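Structure at a glance
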Amino acid sequence: MDIYEAIKERHSVRQYLDKPLEEKDKEALISLIDECNKESGLHIQLVCDEPKAFQSKLAKYGHFENANNYIVLVGKKQPRLDEKCGYWGQKIVIAAQMMGLNTCWVAMSYKKIPGAFSVEKDEKLTVVIAIGYGANQGKERKSKSPEDVCYDIQSAPLWFKRGVEFALLAPTATNQQKFTINLDGISNRVKVKAGFGPESKVDLGIVKYNFEIGAGKENFEWADKNTFEIRITD
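For every chain, the first residue of the written sequence is number 1, and numbering continues from 1 onward in sequence order. Selection of residues for local features in this predicted model requires a pLDDT of at least 70, selection of side-chain atom pairs for listing and counting requires 80 or more, and totals for whole chains, interfaces and linings are taken over all residues. Side-chain measures were taken over the full set of non-hydrogen atoms in the model, leaving aside hydrogen atoms and water.

Only when DSSP finds a minimum of two bridges between them are two strands counted as paired. Only DSSP runs of H or I reaching four residues or more are called helices, and only runs of E reaching two or more are called strands; each is numbered from the N terminus. Taken together, three strands build an open sheet; the order of strands is β5-β6-β7 and the sheet is mixed. Because the sheet does not close on itself, it has two edges, and the strands there are β5 (179-183) and β7 (221-222). As judged from the two bridges shared by strand β6 (residues 189-194) and β7, these two strands associate in the parallel manner. Bridging across to β7, Val-190 finds its partner in Trp-222. Residues are treated as being in contact if the distance between any of their heavy atoms lies within 4.5 Å. For helices, the fitted line uses only the C-alpha atoms of the stretch in contact; every axis is such a line through C-alpha atoms, and the angle between N-to-C directions lies from 0 to 180 degrees. Set on the sheet, helix α6 (residues 158-167) makes contact with β5 and β6; between it and β5 the angle comes to about 170°.

This part is about the sheet that holds strand β3 (residues 102-106). The strand order β1-β2-β4-β3 describes an open sheet built from four strands, whose pairing is antiparallel. Every other strand in the sheet has two partners, leaving β1 (45-47) and β3 as the edge strands with one partner each. Here the average twist between neighbouring strands, direction ignored, is 25°. By the bridge criterion, six bridges tie strand β2 (residues 70-76) to strand β4 (residues 123-132) in an arrangement that is antiparallel. Looking across to β4, one finds that Tyr-70 is bridged to Ala-130.

The rule is short: rings of Phe, Tyr and Trp, with Trp giving its six-membered ring, pair when the centres are within 6.5 Å, and they are stacked under 30 degrees, edge-to-face over 60, tilted in between. Scanning the model with the defined rule gives eleven aromatic pairs in all. When the ring of Phe-54 is compared with that of Phe-64, the centres are 4.8 Å apart and the planes differ by 55°; the resulting orientation is tilted. Taken together, the positions of Phe-54 in the loop between β1 and α3 (57-61) and Phe-64 in the loop between α3 and β2 put the pair ten residues apart, joining distant regions of the chain. Relative to Tyr-209, the ring of Tyr-87 lies with its centre 5.5 Å away and its plane at 80°, an arrangement referred to as edge-to-face. Of this pair, Tyr-87 sits in helix α4 (residues 81-98) while Tyr-209 sits in helix α7 (residues 200-215); the two residues are 122 residues apart in sequence, bridging distant segments of the chain. Throughout this description, buried means an accessible area under 20% of the type-specific maximum (1.4 Å probe, protein chains only), exposed means over 50%, and partly exposed covers the range between. On the accessibility criterion, Tyr-87 (7% relative accessible area) is buried. Chaining the aromatic ring pairs together yields one cluster made of Trp-159, Phe-160, Phe-211, Phe-220 and Trp-222. Two limits define a charge over a ring: the Lys NZ or Arg CZ must be within 6 Å of the ring centre, and within 35 degrees of the ring normal. A cation over an aromatic ring shows up here: Lys-19 above the ring of Tyr-133, its NZ or CZ 4.4 Å from the ring centre. The ring of Tyr-4 carries the charged tip of Arg-162 above its face, separated from the ring centre by 5.1 Å.

Below you can see the structure in the form of C-alpha cells.
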C-alpha cells in the first residue's frame, strides 16, 4: 500500500481487536513520533495498553471498543498549535494505515488518565488518536464536491485539482468539512481557510497534509508558508 492508497482507504475505526500492538509496530510508531517531534517541536506521545481513557461515559457514547492504545497530540502553547497538531497527527495516521493499523481522531470522547502521558505547564493537549488493529475497516463517509470548497476549481491546474481531491478525503470533526481551498492570486500559491466549528483548526492541519500529498509539495507553496515555523520559547 502506498501513501495515496492509504489516504483513500483510511476510515475512522472505533472498534478494535483486543490485541496489544506488536513490538515491530510499536517500535515503528515510536520512531516516527520521535522524528515528527524533532521536526515540529511538538511533544506527541504514544500510550499503550491503557484502557481507561476510553471507558468513560463519553467514550461509550462514541461506541469505542478495546481502544487500549492512543496517541496524544501535545505541544507548547503557541499560535496555530491546533493546526500544527492536525498536520503532524495526520502524517502519523497515514503512516499507521500503511502499516496495517487503524485509527480514529478523538476530541472529546475520552478521559485524561493521570500518569498515562505528560503535559507540561507551558503545553496544551489538543486531541488524541485511538490506534490499533481494527475489528473492521470503518465506513466511507459522504463528502462535499470540489466545487463546494473551491470557487474556481474548473480552471485550476491538474495538480491543484488532485490536491483538492485528497483534501476532501481528510477526516474532519463530525464530518463538517468546513474549509475552503483556493489559488491565492498567484499560479502556484494556495490558501486554505478554516470555517467555524468544533476542532476546525485541527481539521485545517489535517486537510493541509492531505492536500500536500495529492498536489505534490514541489508544485506549490502555501500562502501562509511560515505556519509551522512559529515556536514560543522561554
